[in-house]
Amino acid sequence: MRGQFTGWPEQAMDVLWQLQGEPAHATRERFRADRERLVRQPMIALLHDVADTDPRYEDFSVWHYRTDSWWWQHQAAVIRLGRKIEIGLRFSLDGLRIQGAWWYPDPGQVDVFRRAVASERSGPELSAIVEDVRRKGYDVSGDVMKRPPRGYPADHPRTDLLRHRSLIAARPLGYEEWLHTPEAVDRVLSAAADLDALLVWLVRHVKRAA
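Computed from a predicted model, the values in this text were never measured in an experiment. Each chain has its residues counted from 1, running along the sequence as written. Per-residue local features of the predicted model are confined to residues with pLDDT of at least 70, and side-chain atom pairs are confined, for both listing and counting, to 80 or more; whole-chain, interface and lining totals are unaffected and use all residues. Just so you know, side-chain values use all the structure's heavy atoms and leave hydrogens and water out.

Some remarks on the overall build of the protein
Inference 1: Across its full length, the protein carries 7 helices and 6 strands.
Inference 2: Under the scheme used here, helices are H or I runs from DSSP no shorter than 4 residues and strands are E runs no shorter than 2 residues, and both carry numbers assigned from the N terminus. Sequence-ordered secondary structure for the protein, helices as α and strands as β, is α-α-β-α-β-β-β-α-α-β-α-β-α.
Inference 3: Each principal axis of the C-alpha distribution contributes one length, and for the protein these read about 55 × 40 × 30 Å.
Inference 4: Partly exposed residues are those whose accessible area sits between 20% and 50% of the maximum for their type, while under 20% is buried and over 50% is exposed, using a 1.4 Å probe and protein chains only. For the protein, the residues scored as buried account for 50% of the 210 residues in total.
Inference 5: The contact criterion used throughout is that any non-hydrogen atoms of two residues lie within 4.5 Å. Partitioning the intrachain contacts of the protein with sequence separation of at least 6 by distance along the chain shows that 67% fall at a separation of at least 24.
Inference 6: Surface accessibility follows the Shrake-Rupley procedure with a 1.4 Å probe radius. Residue values consider only the protein chains on display as shielding. Carbon and sulfur atoms provide 49% of the accessible area of the protein, an area that totals close to 10,800 Å².
Inference 7: Within this scheme the basic residues Lys and Arg register as positive and the acidic residues Asp and Glu register as negative, but His and the chain ends are omitted. For charged residues, the charge sits on one atom: NZ in Lys, CZ in Arg, CG in Asp, CD in Glu. Separation of charge centres in the protein, based on 31 positive and 30 negative side chains, amounts to 7 Å.

Given below as structure tokens:
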């Protein structure tokens, strides 16, 4: 059932503007209640609406505040799809950003990932998925080794992917009027659909460590 999220109020940007730089503790405390109401609670509502569309999206977290001022200036959230595999959202003065990520891998996951990349059954599929994600405007990054890992030839056709120890596809969704309306839910769902093939591949091949 949709309808909890009505958009981030325009005053949310005013609050984040006041928290720029290195705000003093007193400044943070003065804006804590407004930030919770105008910035963090709308993110929770958005994630509830997203979760209502697909049971895979039901395991999510919306971060609280920490000592580092970055966490006050950026409202982050994640939707967990598997061990270390997630959709990340971030709301800030720059607007809304989304990423699909496998990162901070469990022990054994990197080896499992490399074997799947090297396989002639699953590797070409990932290459095609990554190229499709790039064509859709996503920046593909991660923790990437300078050289191919041991045990794999330097001229392997997917050496660029074999060098990854994490894999992230991200792009800004923008900072337009729709942020202040329920349309933001549809924007997130559309971007999640862009990332779906990548995340499904990762869940299928990398979810469990060796």
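Things to note about the packing of helix 5 (residues 123–135) against helix 7 (residues 183–206)
Inference 1: Every angle, taken between N-to-C directions, lies between 0 and 180 degrees, and every axis is a line fitted to C-alpha atoms, over only the stretch in contact when it is a helix. Here helix 5 crosses helix 7 at 150°, and the two axes come no closer than 9 Å. Considering the angle they form, helix 5 stands roughly antiparallel to helix 7. Helix 7 is crossed by helix 5, and the crossing has left-handed handedness. From helix 5, Glu125, Leu126, Ile129 and Val133 reach across to helix 7, where they touch Asp194, Ala197, Leu198, Trp201, Arg204 and His205.
Inference 2: Following the grouping adopted for this structure description, the nonpolar residues are Ala, Val, Leu, Ile, Met, Phe, Trp, Tyr, Cys and Pro, the charged ones are Asp, Glu, Lys and Arg, and the polar ones are all others, Gly among them. Grouping the constituent residues of the contact of helix 5 with helix 7 by class yields 6 nonpolar, 1 polar and 3 charged. Our angle categories are set so that under 35 degrees counts as roughly parallel, over 145 as roughly antiparallel, 65 to 115 as roughly perpendicular, and the remainder as oblique. Handedness of a crossing is defined here by the sense of rotation of the near helix relative to the far one, left-handed for an anticlockwise turn of less than a right angle and right-handed for a clockwise turn.

Observations regarding the pairing of strand 4 (residues 95–102)
Inference 1: Most of strand 4 sits inside the fold, with 7 of its 8 residues counted as buried.
Inference 2: Pairing between strands is defined by DSSP: at least two bridges between them are needed. Relative to strand 4, strand 3 (residues 85–92) is paired through 8 bridges, and the arrangement is antiparallel. Within the sheet, the bridge partner assigned to Ser92 lies in strand 4 and is Gly95.
Inference 3: Counted along the chain from strand 3 to the antiparallel partner strand 4, the turn is 2 residues long.
Inference 4: One ladder, built from 7 bridges, connects strand 4 with strand 6 (residues 167–174); its direction is antiparallel. Within strand 6, the position partnered with Ala101 by the bridge is Ile168.

Description of the packing of aromatic side chains
Inference 1: Here a Phe, Tyr or Trp ring, Trp counted by its six-membered ring, pairs with any other such ring whose centre lies within 6.5 Å, and the pair is stacked when the planes are under 30 degrees apart, edge-to-face when over 60, and tilted otherwise. Enumeration over the complete set of coordinates arrives at 7 aromatic pairs.
Inference 2: Geometrically, the ring pair formed by Phe113 and Trp201 is edge-to-face, given 6.1 Å between the ring centres and 85° between the ring planes. Of the two residues, Phe113 sits in helix 4 (residues 109–118) while Trp201 sits in helix 7, which places them 88 residues apart along the sequence. Taken individually, Phe113 and Trp201 each receive the classification buried, so the pair is uniform in this respect.
Inference 3: Aromatic ring contacts, followed pair by pair, group Phe5, Trp8 and Phe91 into a single cluster.
Inference 4: Seen from the ring of Trp63, Arg66 lies directly overhead, with NZ or CZ sitting 5.8 Å from the centre. Note on criteria: charge over ring means Lys NZ or Arg CZ within 6 Å of the ring centre, with the direction from the centre no more than 35 degrees off the ring normal.

Overview of the side chain of Arg28
Inference 1: Inspection of the secondary structure puts Arg28 in helix 2 (residues 25–53).
Inference 2: Salt bridges are identified by distance alone: a Lys or Arg side-chain nitrogen within 4 Å of an Asp or Glu carboxyl oxygen. Despite being buried, Arg28 has no salt bridge partner; Glu22 is the closest side chain of opposite charge, sitting 4.4 Å away.
Inference 3: Leave out the neighbours within four places in its chain, and Arg28 touches Leu19, Glu22, Pro23, Arg66, Thr67, Asp68, Ser69 and Trp72.

Some points on the packing of helix 2 against helix 7
Inference 1: Running from N to C, helix 2 and helix 7 point in directions that differ by 55°, and their axes come no closer than 10 Å. As judged from the angle between their axes, helix 2 and helix 7 are oblique. The two elements helix 2 and helix 7 cross, and the hand of that crossing is right-handed. Facing Leu46, Asp49, Val50 and Thr53 of helix 2, the residues of helix 7 in contact are Ala184, Val185, Val188 and Leu189.

What about unusual backbone geometry?
Inference 1: The backbone of Lys84 sits at a positive phi, close to 70°, despite the residue not being glycine.
Inference 2: Within the secondary structure layout, Lys84 lies in the loop between strand 2 (75–82) and strand 3.
Inference 3: Looking at Lys84, the relative accessible area reads 28%, which means it is partly exposed.
Inference 4: The phi torsion at Tyr104 lies on the positive side, around 45°, for a residue other than glycine.

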